[in-house]
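Observations on the model geometry
Listed below, chain by chain, are the residues.
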Amino acid sequence: MLSPKIEEALNAQLNAETYSGYLYLAMAAYFENMNLTGFTQWMKCQAREEFFHASKFYKFIIERGGRVRLRAIDAPQVEWESPLAVFEATLVHERQVTSLIHNLVNLAKAETDHASDIFLQWFVTEQVEEEASADQVIQKLKLAGPGAGLFMIDQELAQRTNTPLVTGALMGTAAA
Ligand code: FEO
């Protein structure tokens, strides 16, 4: 069983992950309007990963005998100054998510909820990758500058794909 405090915190994180997916979908739409198809692809993959993260929380809450309580999702920002500004906002957002995850780990430990603690370790590792991948694009954008460099990066980002586990998570075709 989940303690009421942990159940509430896991539901809050389910909402935060869903919001992240919504934010990255807004960023994908921003790039799609600019005809930057590779940036769009990267952000759509990122959005799917977030919905996958949300589904992991959903599944875990249910498995532990808790109640999933979905709540309103905040409207994300929809305009940015430049592609660089989008990725800088991505990194800031991922750092915030990292601190939410760390707070959750602290709570699980304080409540001696070992199962939640172990479940959350996956996200601790994932956040290292999430921050690094946003930072990597920022560094490339800074090096390349605007113009032709942007199109080169666009081609590179077009290579990103999701694993079947991620794409199938919301459809119930993969065990999240
Ligand atoms: Fe679900 Fe990007 O952290």
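So, here is what we can say about the structure in this document. What you see is a predicted model, and the numbers here were worked out from it, not measured in a lab. (Residues numbered from 1 in each chain as written. Predicted model: local features only at pLDDT ≥ 70, side-chain atom pairs only at ≥ 80, totals over all residues. Heavy atoms only, no water.)

A word on the overall build of the protein chain
The line we're drawing: Counting from the N terminus, the helices are DSSP H or I runs at least four residues long and the strands are E runs at least two residues long. Radius of gyration means the value over C-alpha atoms here, while the globule rule gives 2.2 Å times the residue count to the 0.38 power. Any residue under 20% of the maximum accessible area for its type is buried, any over 50% is exposed, and the rest in between are partly exposed; the area is computed with a 1.4 Å probe on protein chains only. Between two residues, a contact is recorded if the distance between any of their heavy atoms is within 4.5 Å. Computed by Shrake-Rupley with a 1.4 Å probe, the accessible areas treat only the displayed protein chains as cover when residues are assessed. The sign given to each residue is positive for Lys and Arg and negative for Asp and Glu; His and the chain ends receive no count. Lys charges are placed at NZ, Arg charges at CZ, Asp charges at CG and Glu charges at CD.
Within the protein chain one finds six helices and zero strands. Along its sequence from the N terminus, the protein chain presents helices and strands in the succession α-α-α-α-α-α. In terms of overall size, the protein chain behaves like a compact globule, its C-alpha atoms giving a radius of gyration of 17 Å where 176 residues would be expected to give roughly 16 Å. Seen along its three principal axes, the alpha-carbon backbone of the protein chain occupies a region of about 55 × 30 × 25 Å. Per-residue burial over the protein chain gives 47% buried out of 176 residues. Taking as baseline every contact in the protein chain between residues at least 6 positions apart, the subset at least 24 positions apart corresponds to 81%. Counting only carbon and sulfur atoms, one obtains 58% of the accessible surface of the protein chain, whose full area is about 9300 Å². In the protein chain, the 14 positive side-chain charges and the 22 negative ones have mean positions that sit 6 Å from each other.

Concerning the pattern of salt bridges
Heads up, the condition is: Salt bridges are identified by distance alone: a Lys or Arg side-chain nitrogen within 4 Å of an Asp or Glu carboxyl oxygen.
Tallying each qualifying case throughout the model produces nine salt bridges. Salt-bridge contacts for Lys140 lead to Glu156; the nearest nitrogen and oxygen are separated by 2.3 Å. Of this pair, Lys140 sits in helix α4 (residues 114-144) while Glu156 is found in helix α5 (residues 148-157), placing the two residues 16 residues apart along the sequence. With a relative accessible area of 41%, Glu156 lands in the partly exposed category.

Quick word on the nonpolar core
This is how it is decided: Buried Ala, Val, Leu, Ile, Met, Phe, Trp, Tyr and Cys residues that are joined via side-chain atoms within 4.5 Å together make up what is termed a nonpolar core.
Of all hydrophobic cores here, the largest spans 23 residues; its most connected members are Phe31, Phe39, Met43 and Phe87. Listed by contribution, the elements that provide at least two residues to this core are α1 (4-33), α2 (37-63), α3 (83-110), α4 and α5. When residues in this core are grouped by element, the largest group, seven residues, is from α1. If we ignore the near neighbours within four places in the chain, the residues touching Phe31 are Leu36, Phe39, Thr40, Met43, Pro83, Val86 and Phe87. Core analysis: the next-biggest nonpolar cluster, separate from the first, contains 18 residues, Ala9, Ala54, Val97 and Ala108 among them.

Section: a nonpolar patch on the surface
Test applied: Surface patches are defined over residues having more than 30% relative accessible area and no salt bridge, joining like charges when they lie within 9 Å and nonpolar side chains (Val, Leu, Ile, Met, Phe, Trp, Tyr) when within 5 Å.
A cluster of nonpolar side chains, Tyr22, Leu25 and Ile73, forms an exposed patch at the surface whose accessible area comes to about 250 Å². Here Tyr22 is to be found in helix α1.

Some words on the packing of α4 against α5
To be explicit about the condition: To define axes, lines are fitted to C-alpha atoms, for helices over the stretch in contact only, and angles between the resulting N-to-C directions are given on a 0 to 180 degree scale. Each angle gets one of four labels, with under 35 degrees taken as roughly parallel, over 145 as roughly antiparallel, 65 to 115 as roughly perpendicular, and the rest as oblique. A clockwise turn of the near helix away from the far one marks a right-handed crossing, whereas an anticlockwise turn of less than a right angle marks a left-handed crossing. Any residue outside Ala, Val, Leu, Ile, Met, Phe, Trp, Tyr, Cys, Pro, Asp, Glu, Lys and Arg is labelled polar, Gly included; the first ten of those are nonpolar and the last four are charged.
Contact geometry for α4 and α5: axes closest at 8 Å, N-to-C directions at 150°. Taken together, α4 and α5 sit at an angle that is classed as roughly antiparallel. The handedness of the crossing between α4 and α5 comes out as right-handed. Residues Val137, Lys140, Leu141 and Ala144 of α4 form the contact with α5, whose own contacting residues are Gly149, Leu150, Ile153, Glu156 and Leu157. When its residues are assigned to classes, the contact of α4 with α5 shows six nonpolar, one polar and two charged.

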